[in-house]
Amino acid sequence: MSEQLSKQEIYDRIRATSKDSYILEEMQRLGFWQSGSEPTLSEILIHQETKIEKELNELLAQDKKFSNREAMLLEMRKARMKIAKQKRIETILNREKKQLEKAKNWKLVQQQQILYLGEEISGGLNTKETNTTLLEHYNLPVYQDALALAKGMQIDLKALQYLAYNRKVSKINHYHTFELEKKSGGKRKISAPKAKLKEVQSWILENILHKIPYTEEAHGFIKERSIVTNAKPHLNKEVVVNIDLKDFFPTVTHKRVKGLFHKIGYSEEIATLLSLLCTYSEINETTLDGVTYYVQSGERKLPQGSPASPAISNMIVYKMDKKIKGLAKKLNFDYSRYADDMSFSTTKENSKNVSRLLYFTKKIIESEGFIIHPDKIHVMRKGMQQKVTGVVVNEKLNIDRIQLRKFRALLHNIEKNGWKEQQWGKAIHLINAIEGYINYVFMVNPEKGVAFKQTLKNIINKHGLPIIEKTSIPEELTPIAIPVLEETEETVMEQKPENWWNIF
């Protein structure tokens, strides 16, 4: 038995088609109207009527819908807004996703590369071509990029960037700057690196600079060489000539240092980093609204006070040493150099060539970008006291007699009266100055040096150590003074004992 329809269901079917159509379907279902036979005219009319009535209902509904213009526009607007809102959400989500990916990639790049180190400095950071063959020839460590260099130094890449960054104006300064009085008058500015930068510069010195061979003529700041080895070639000569270079370290600029590191095989990126770590710019200190700023003044150059500066200067003048050696040999002179002090000597028969030597040496020095100090050219003949870097070389290596007598008198006064009001040259700390001079004497004349050491020991046993007064120089940077030679114009820093950079 077929399921009986409810009144509501019957009504819904009639409304969906028509009353006649419903009656026809029910009659066919109940068997009163045979289905499958040829349709009669009334059946066809009922079906057409049903179809037309359905279409009419749809048209009426649509007409009703569009008869209200405001409702139609509102509906269309809502539809568009819904679509637009969805697109905005999708756009925002895509943008955020891209920004997150970009930030992630940028963070990854920053963890592996240094892309910028300041104005007019960063141009070569993308050039990573390394001459591995040349580096291996000098037995130097190979670093393909900044990250490898930082790992070699055992520091973070950010720390490497921080120490090398070239800031025109900054709130930080990587150097302690102070002044020492020159014996010849005026003051010499010392720029000593602070602890972390000093550590990095020392690393560069030990792992790179000390592995590069020096010329035979260079004696300053080189292991197993000293002012004594520098003076020996000029013993017992008829003529001794001394020439000093003016502003030796400041003449060596960042560009030249970068070129040096690049020339020995490092990429432009690594050479730029190493040069920035080893050079500095003069700083003007200013205060604005209670905040101290450090403003760069002039080009970056080698600082006097860095452990790496002496070795770099020796490498920079390598070519100049070779040229001057060739000239000296041609004119029958012996040649040696201790930092910025150049010494020549020859026999009596060859003394006529002094003028030619000075003329052509000046040409070579100027062609290499250096300047001769006009007040520090000394020609010393046999009849007068001849000195090379403060060591007397007339007949044998010796100490200046007048200076020795003054030093003995100083020790005698201290032993008799104590440390109070005693002074040695312009030294800041008397005990350091005395120890420095004794070590200097010991290098030249060990016998006299041992005697002085015993005298100082007796003084300390009797009077103790002197009280060191505070100075404007940071205590950890106070330099150990070395001999002040009365008859020369050399200064405390110019007389340079071996490894003098260790005093900072």
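Residues numbered from 1 in each chain as written. Predicted model: local features only at pLDDT ≥ 70, side-chain atom pairs only at ≥ 80, totals over all residues. Heavy atoms only, no water.

1. So, the overall build of the protein chain
No. 1: Looking only at helices and strands, the protein chain has 18 helices and eleven strands in total.
No. 2: Burial status across the protein chain gives 43% buried among its 504 residues.
No. 3: Here the protein chain displays about 28900 Å² of accessible surface, and carbon together with sulfur accounts for 52% of that area. (Helix = DSSP H or I, 4+ residues; strand = E, 2+ residues; numbered from the N terminus. Buried < 20%, exposed > 50% of the residue type's maximum accessible area, 1.4 Å probe, protein only. Areas by Shrake-Rupley, 256 points an atom, 1.4 Å probe, with all protein chains shown as cover.)

2. Digging into unusual backbone geometry
No. 1: In the Ramachandran plot, Gln154 falls in the positive-phi region, its phi being about 60° despite a non-glycine side chain.
No. 2: The topology assignment puts Gln154 in the loop between α6 (146–153) and α7 (157–164).
No. 3: With phi around 45°, Thr389 is a residue other than glycine that occupies positive phi space.

3. Quick word on the pairing of strand β5 (residues 280–288)
No. 1: Pairing of β5 with strand β6 (residues 291–301), which is carried by eight bridges, proceeds in the antiparallel orientation. Opposite Thr287, over in β6, you have Thr292 as the bridge partner.
No. 2: Once β5 ends, the chain turns through two residues before running back antiparallel as β6, passing Asp289 with a positive phi of about 55°. (Pairing = 2+ DSSP bridges.)

4. As for the environment of Gly418
No. 1: You can see Gly418 is positioned in the loop between α16 (401–417) and α17 (430–444).
No. 2: Here Gly418 is in contact with Asn413 and His463, once residues within four sequence places are set aside. (Contact = heavy atoms within 4.5 Å.)

5. So, the sheet that holds strand β4 (residues 239–245)
No. 1: Spatial ordering of the open sheet is given by β7-β8-β4-β9, a layout of four strands whose pairing is antiparallel. The strands lining the two open edges of the sheet, one partner per strand, are β7 (334–338) and β9 (372–381). In this sheet, neighbouring strand axes are inclined to one another by 15° on average, regardless of whether the strands run parallel or antiparallel.
No. 2: Where helix α15 (residues 354–367) meets the sheet, it contacts β4, β8 (341–346) and β9, and its direction lies at approximately 20° from that of β4. (Axes fitted to C-alpha atoms, helices over the stretch in contact; angles between N-to-C directions.)

6. Here we look at the packing of helix α1 (residues 7–16) against helix α2 (residues 19–30)
No. 1: Orientation of α1 relative to α2, taken along the N-to-C sense of each, is 120°, at an axis distance of 7 Å. Our pair here, α1 against α2, has a crossing hand that is right-handed. Taking contact as the criterion, the partners of Ile10, Arg13 and Ile14 in α1 are, on α2, Lys19, Tyr22, Glu25 and Glu26.
No. 2: Among the residues making up the contact of α1 with α2, the classes are represented as three nonpolar, no polar and four charged. (Left-handed = near helix turned anticlockwise from the far one by under 90°. Nonpolar A, V, L, I, M, F, W, Y, C, P; charged D, E, K, R; others polar.)

7. Re helix α12 (residues 268–278)
No. 1: α12 sits mainly inside the fold: ten of its eleven residues count as buried.
No. 2: The complete set of buried residues in α12 reads Glu269, Ile270, Ala271, Thr272, Leu273, Leu274, Ser275, Leu276, Leu277 and Cys278.

8. Regarding the sheet that holds strand β1 (residues 169–170)
No. 1: Read across the sheet, three strands follow the order β1-β6-β5 without closing on themselves; strand pairing throughout is antiparallel. Of all the strands in the sheet, the pair left with one neighbour each is β1 and β5.

9. What about the packing of α16 against α17?
No. 1: At their nearest, the axes of α16 and α17 sit 12 Å apart, and the two run at 135° to each other. Here α16 lies oblique to α17, going by the angle between them. Judged by the twist between their axes, the crossing of α16 over α17 is left-handed. Taking contact as the criterion, the partners of Gln403, Leu404, Phe407, Leu410, Leu411 and Ile414 in α16 are, on α17, Leu430, Ile434, Tyr437, Ile438 and Val441.
No. 2: The class makeup of the residues in the contact of α16 with α17 is ten nonpolar, one polar and no charged. (Parallel < 35°, antiparallel > 145°, perpendicular 65-115°, else oblique.)

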